[in-house]
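Close look at the chain arrangement
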Amino acid sequence: MSTQSRKRPVTLNTLGSYKKQGKKFACLTAYDAGFAEMESKAGIEVILVGDSLGMVLQGHDSTLPVTMDDMIYHTRCVSRGNDIALLMADLPFMAYASEPQTLENAAALMQVGAQIVKLEGGAWLAESTRLLSERGIPVCAHMGLTPQSINRLGGYRVQGRDPKQAEKMIAEAKILESAGASILLLECVPVYLAREITEALAIPVIGIGAGPDTDGQIMVVHDMLGITPADIKLPKFVKNFLPESTAGIQGALSAYVDAVQQGKFPAPEHCFT
Ligand code: KIV
């Protein structure tokens, strides 16, 4: 590809300007160089090296067994295949339990190619978010259903249906934005709550099972290709794009990008009201 026709890398500024323009963007997980290359080629704006790899690659029944070594290995692989997408990596379970540990582990992911790190939790992460962002490490705060807390939450279920819990989530999202979070990711929350939070924040909000009104959408790549291990129960927000593709996996990835950008995915059947 000539340098003239080459697209520019996606940065936080790109996503910020999409939010201002009301332009939707598509995000997807990847765990290796091959998928990262195809996703980047399809126009995926943010690639997440998710700790979901513990379930879809390693066969565990939760994300808890994933280690920093796993995340470093897969982030390195994805970074080699990625061309222009913004590369986000998860800090796994217990990798950000104290502030020094958070700094050290986030730095390790940035040094193998991550451009932003994702942490699961609410207001308790404000100080870590401030520390990281002041030191040049952008943070994506993951709220709503936070799979690393599955044992406390008691199951993979919608969060924020109770009005008090919804108010708390809105307040905590604002706290994390003020602490310096660059992106918020909302998982499994009702449509109206995701809309309210997206409108209340200046930073881009990415949703999964959070309805059509967030600025971006994300899915686990195995889910959108129908290759999730059979013992994982698929949530209602998943759509398999492969059967409709006439160009295999590359076609399915492009169809997902188009559907998100045109506001056709998620459809009402993928949402919690
Ligand atoms: O680990 C992951 O893949 C995630 C997505 C579900 C957003 O956090």
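What counts, and where the lines are drawn
- Residues numbered from 1 in each chain as written.
- Predicted model: local features only at pLDDT ≥ 70, side-chain atom pairs only at ≥ 80, totals over all residues.
- Heavy atoms only, no water.
- Helix = DSSP H or I, 4+ residues; strand = E, 2+ residues; numbered from the N terminus.
- Polar contact = N/O pair within 3.5 Å; in protein donor to acceptor, adjacent residues only side chain to side chain.
- Contact = heavy atoms within 4.5 Å.
- Core = buried A, V, L, I, M, F, W, Y, C linked by side-chain atoms within 4.5 Å.
- Buried < 20%, exposed > 50% of the residue type's maximum accessible area, 1.4 Å probe, protein only.
- Near = heavy atom within 4 Å.
- Areas by Shrake-Rupley, 256 points an atom, 1.4 Å probe, with all protein chains shown as cover.

1. Looking at the side chain of T214
Mapped onto the elements of the fold, T214 is located in the loop between β7 (205-208) and β8 (216-219). Reaching out from T214, the side chain makes a polar contact with the backbone nitrogen of G207 at a distance of 3.4 Å. A distance of 2.8 Å separates a polar atom in the side chain of T214 from the backbone oxygen of G216. In contact with T214, not counting residues within four places along its chain, are K24, A194, T198, V205, I206 and G207.

2. Remarks on the nonpolar core
Core analysis: the largest hydrophobic core is formed by 69 residues, its most contacted members being L91, L109, L184, L186, I197, M224 and Y256. Setting aside chain neighbours within four positions, we find I197 in contact with M169, I170, A173, L184 and L186.

3. So, the site of the ligand
The environment of the ligand is made up of 13 residues, and the closest members are T29, D51, S52, D90 and K118. One nitrogen or oxygen atom from the side chain of S52 is found 2.5 Å from an oxygen atom belonging to the ligand. One of the side-chain N or O atoms of K118 is found 2.8 Å from an oxygen atom in the ligand. For the ligand, the protein covers 95% of the area, taking 260 Å² as the surface of the free molecule.

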